[in-house]
Amino acid sequence: AFDGREAVDKIAYIIKTTDRNLALLLGRALDAQKFFHDVTYDHRLRDSPHEIYQFKARLPSPFVSEEMVSPNSALQAATPLSLNGDLPFSASSSQTSELSTPVSTTSSLSALLRTPTAPKARRLSVSSTDDAPLPSGVFTLLTDCYSPTCTRDALCYSIACPRRLEQQARLNMKPQPGLRRSLSNESLGDTPNVSSLKKIRETGTLWIHSVPPEIAASVSDQEKKRQEAINEVIYTERDFVRDMEYLRDCWVKPLRTQDIIAEHRRTQFVQQVFWNLDEIIAVNTRLRDALNKRQKSYAIVETIGDIYLDVVKDFEPFVRYGSHQLYGKFEFEKEKSSNSAFAQFVEDTERLPESRKLELNGYLTKPTTRLARYPLLLEVVLKYTSDDNPDKVRLVEVVKIIRGFLKRVNEESGKTESRFNLLQLDQQLVFRNVEQVDLRLRDENRELLYKGTLKRRGGQGDNGDLQVFLFDHALLMVKAKTKHEQFRVYKR
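On a predicted model such as this, the values are computed, not experimentally measured, just so you know.

1. A word on the overall build of the protein chain
Inference 1: A tally of regular secondary structure across the protein chain gives 16 helices and eight strands.
Inference 2: For the protein chain, buried positions account for 45% of its 492 residues.
Inference 3: Intrachain contacts of the protein chain at a sequence separation of at least 6 include 67% that bridge at least 24 residues.
Inference 4: Element-wise, carbon and sulfur atoms account for 51% of the exposed surface of the protein chain, whose accessible area totals about 26,700 Å².

Written as structure tokens, this is what we have:
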């Protein structure tokens, strides 16, 4: 991961410029092509040390091609990690929505990577980086003018010259009227260039602009700040519910009704990727409607703590969603790499105006990031709330409850990630010229304590470093075969 300032610094160094705005524009063009993204998928590149970004990453594949495995290997005819067969756990014990097809709760996670005796077949990798497309295109602000007589020290005759603004600055000239050079919102992706989006997405109008001037003038500056904070809580809740409804209407419904996924596994695929999305929509729709009603009833909203206290106790779906999110992402990436019809559907859907040029993973992370954002929003309201207001006590209790849910999400998602990584490692181990050992990596309480690289002082034939895995019960040394995503067990 890296922050926005580091990204702009590096781009400016590469293109040899001191103009940070130019480097920022080029970075946003790369961002628009999904070369990297904000870790919360909330916005495009910003020149700030407080915004964190990461390159687009895909989960490593535990799939193994049988021709790479020797007859002595424990991975002959290994089955790809799949969530379409036995499922690790159910989204809910009593689900009735269209996303809530009951699944077995008795299957353990180890069933995901069992090695059957089925006929051998080639395995497809979902994470081949060789085929990952790099950004492409022409960034016109860095191109030279088409006129052979154009120089940086004289004003070009062409009003569309890429150097024109620089030339005018050098000559201390004011910009002349005529054709204007405008940056494409479509390429930068910050603001959708589609007028119909006004009907799709409400803007976060400032509270002071939504009430009569005499009402705004009648309250103190502190109360104005409080009302603006409450307004942000309410309109971001509307936005969040709308994003979840976009997932339901533009992704879930087409996937369930169209011939994109094979019919016999269609329901389970939707279940794994979107999990208990309908439960989250139901809870947050209640919250949104109650907040909207309060805001429409009073120009000055006195309290919102009572609304949150009534709803926040039902935030359990956020915990179940967060604990399963890693599996949903894996299933999505696997299907996208092996199903051309689904890959085309993903590309077409992500280009819809409703998507605001945000990829599916950006929306799938929103429930978790929304839960983490509640304390931040409510603490701003609390900051400007007077001591005699009931919300001074209520909001403290609400924030405490939500932080409890956040702690559980972090714990459960951490367990899921650890379990997932152990299952992958177990699938990728290859025993060659080494006695096969059952490391019991699929045991329920197995823990990976440390992972690192071991430098070897080479003797004859000792080439390459070793990967070391320290478990709660064993020390494992392997040689990484990154081309085929395997780990060959090392013994000396």
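2. Quick look at the side chain of Glu-350
Inference 1: Within the secondary structure layout, Glu-350 lies in helix 13 (residues 340-350).
Inference 2: Not counting residues up to four positions away in its chain, the partners in contact with Glu-350 are Lys-34, Trp-251, Ser-355, Lys-357, Leu-358, Glu-359 and Leu-360.

3. So, the confidence of the model for the protein chain
Inference 1: Here the protein chain averages 77 in pLDDT, while 75% of its residues score no lower than 70.
Inference 2: Confidence over residues 61-98 falls short of pLDDT 50; this stretch has 129 contacts with residues more than four positions distant or in other chains.
Inference 3: Under a pLDDT of 50 for its full length, residues 178-203 has, in the predicted model, 38 contacts with residues more than four places off or in other chains.

4. A closer look at the sheet that holds strand 3 (residues 52-55)
Neighbouring strands of a sheet are bound in pairs by backbone hydrogen bonds; such pairs are parallel or else antiparallel.
Inference 1: Taking strand neighbours across the sheet as the criterion, the three strands line up as 1-3-2 in an open arrangement whose pairing is antiparallel. This sheet does not close on itself; its edge strands, each paired only once, are strand 1 (2-3) and strand 2 (36-38).

5. A few points about helix 15 (residues 366-383)
Inference 1: Here helix 15 contains 18 residues, and its C-alpha end-to-end distance of 25 Å stays within 8% of the 26 Å for a straight helix at 1.5 Å per residue.
Inference 2: Within helix 15, burial applies to Lys-366, Pro-367, Arg-370, Leu-371, Tyr-374, Pro-375, Leu-377, Leu-378, Val-381 and Leu-382.
Inference 3: The elements touched by buried residues of helix 15 are helix 8 (221-257), helix 10 (277-297), helix 11 (305-311), helix 12 (316-338), helix 14 (360-364) and helix 16 (391-428).

6. Some details on unusual backbone geometry
Inference 1: Positive phi values are uncommon outside glycine, yet Lys-16 reaches one of about 60 degrees.
Inference 2: Take Lys-16: it is sitting in the loop between helix 1 (4-14) and helix 2 (20-32).
Inference 3: A positive phi angle, close to 45 degrees, is found at Trp-275, a residue other than glycine.
Inference 4: Looking at the secondary structure, you find Trp-275 in the loop between helix 9 (263-274) and helix 10.
Inference 5: According to the relative accessible area criterion, Trp-275 is buried, its value standing at 2%.

7. Describing the sheet that holds strand 7 (residues 475-481)
Inference 1: Across the sheet, which stays open at both edges, the five strands sit in the order 4-8-7-6-5 with mixed pairing between neighbours. Of all strands in the sheet, those bounded by a partner on one side alone are strand 4 (429-430) and strand 5 (448-454).
Inference 2: Across four bridges, strand 6 (residues 466-471) lies against strand 7 in antiparallel orientation. Bridging across to strand 7, Phe-469 finds its partner in Leu-476.

8. Some points on the packing of aromatic side chains
Aromatic ring pairs: the centre-centre distance and the angle between the two ring planes describe each pair.
Inference 1: Per the stated rule, a full pass over the model turns up 20 aromatic pairs.
Inference 2: Taking 5.8 Å as the distance between ring centres and 75 degrees as the angle between the ring planes, the aromatic pair formed by Phe-2 and Phe-36 counts as edge-to-face. Here Phe-2, found in strand 1, pairs with Phe-36, found in strand 2; they are 34 residues apart in sequence, far enough to count as distant. Here Phe-2 and Phe-36 have matching classes, each one buried.
Inference 3: A ring pair is formed by Tyr-327 and Phe-420, whose centres lie 5.6 Å apart and whose planes are at 80 degrees; its orientation type is edge-to-face.

9. A look at the pairing of strand 6
Inference 1: Sheet analysis places strand 5 next to strand 6, joined by six bridges and oriented antiparallel. Its bridge partner being in strand 6, Thr-453 is matched across the sheet by Gln-467.
Inference 2: Counting the residues in the hairpin turn of strand 6 and strand 7 gives three residues.

10. Description of a nonpolar patch on the surface
Inference 1: A contiguous nonpolar surface patch, about 420 Å² in accessible area, is contributed by Leu-449, Tyr-450, Leu-470 and Leu-475.
Inference 2: Mapped onto the elements of the fold, Leu-475 is located in strand 7.

11. Description of the packing of helix 15 against helix 16
Inference 1: Where helix 15 meets helix 16, the closest approach of the two axes is 10 Å, and the angle between their N-to-C directions is 160 degrees. Relative to helix 16, the element helix 15 lies roughly antiparallel. Considering the relative orientation of helix 15 and helix 16, their crossing is left-handed. On the side of helix 15, the interface is formed by Thr-368, Leu-371, Ala-372, Tyr-374, Pro-375, Leu-378, Glu-379, Val-381 and Leu-382, while helix 16 contributes Asp-391, Lys-392, Leu-395, Val-396, Val-398, Val-399, Ile-402, Arg-403, Phe-405, Leu-406 and Val-409.
Inference 2: Among the residues forming the contact of helix 15 with helix 16, the class breakdown is 15 nonpolar, one polar and four charged.

12. Details of the environment of Val-396
Inference 1: Turning to its location among the elements, Val-396 is positioned in helix 16.
Inference 2: The sequence separation of Val-396 and Leu-378 amounts to 18 residues, and the corresponding C-alpha distance is 8.7 Å.
Inference 3: The contacts of Val-396, once residues within four sequence positions are left out, are Leu-382 and Asp-391.

13. With respect to the packing of helix 8 against helix 15
Inference 1: Where helix 8 meets helix 15, the axes come as close as 9 Å, and the angle between the chain directions of the two elements is 170 degrees. The orientation of helix 8 relative to helix 15 falls into the category roughly antiparallel. The residues of helix 15 that touch helix 8, namely those facing Arg-226, Ala-229, Ile-230, Glu-232, Val-233, Thr-236, Glu-237, Phe-240, Asp-243 and Met-244, are Lys-366, Pro-367, Arg-370, Arg-373, Tyr-374, Leu-377, Leu-378, Val-380 and Val-381.
Inference 2: The residue inventory of the contact of helix 8 with helix 15, partitioned by class, reads 11 nonpolar, one polar and seven charged.

14. With respect to the pattern of salt bridges
When the charged atoms of two side chains with opposite charge come close together, those side chains can pair.
Inference 1: Tallied over the entire structure, the rule returns 33 salt bridges.
Inference 2: Put simply, Asp-31 and Arg-44 hold a salt bridge, and the shortest N to O gap is 3.3 Å. Here Arg-44 lies in the loop between strand 2 and strand 3 and Asp-31 lies in helix 2, a separation of 13 residues in the sequence.
Inference 3: Residue Arg-320 pairs with Glu-279 through a salt bridge whose shortest N-O separation is 2.7 Å. Remark: Glu-279 occurs in helix 10 and Arg-320 occurs in helix 12; sequence separation between them is 41 residues.
Inference 4: A relative accessible area of 24% means that Arg-320 is categorised as partly exposed.

Calculation notes
Residues numbered from 1 in each chain as written. Predicted model: local features only at pLDDT ≥ 70, side-chain atom pairs only at ≥ 80, totals over all residues. Heavy atoms only, no water. Helix = DSSP H or I, 4+ residues; strand = E, 2+ residues; numbered from the N terminus. Buried < 20%, exposed > 50% of the residue type's maximum accessible area, 1.4 Å probe, protein only. Contact = heavy atoms within 4.5 Å. Areas by Shrake-Rupley, 256 points an atom, 1.4 Å probe, with all protein chains shown as cover. pLDDT = per-residue confidence, 0-100. Pairing = 2+ DSSP bridges. Expected span 1.5 Å × (residues − 1). Phe/Tyr/Trp six-rings, centres within 6.5 Å; stacked < 30°, edge-to-face > 60°. Patch = residues over 30% accessible without salt bridge, like charges linked within 9 Å, V, L, I, M, F, W, Y side chains within 5 Å. Salt bridge = Lys/Arg side-chain N within 4 Å of Asp/Glu carboxyl O. Axes fitted to C-alpha atoms, helices over the stretch in contact; angles between N-to-C directions. Parallel < 35°, antiparallel > 145°, perpendicular 65-115°, else oblique. Left-handed = near helix turned anticlockwise from the far one by under 90°. Nonpolar A, V, L, I, M, F, W, Y, C, P; charged D, E, K, R; others polar.

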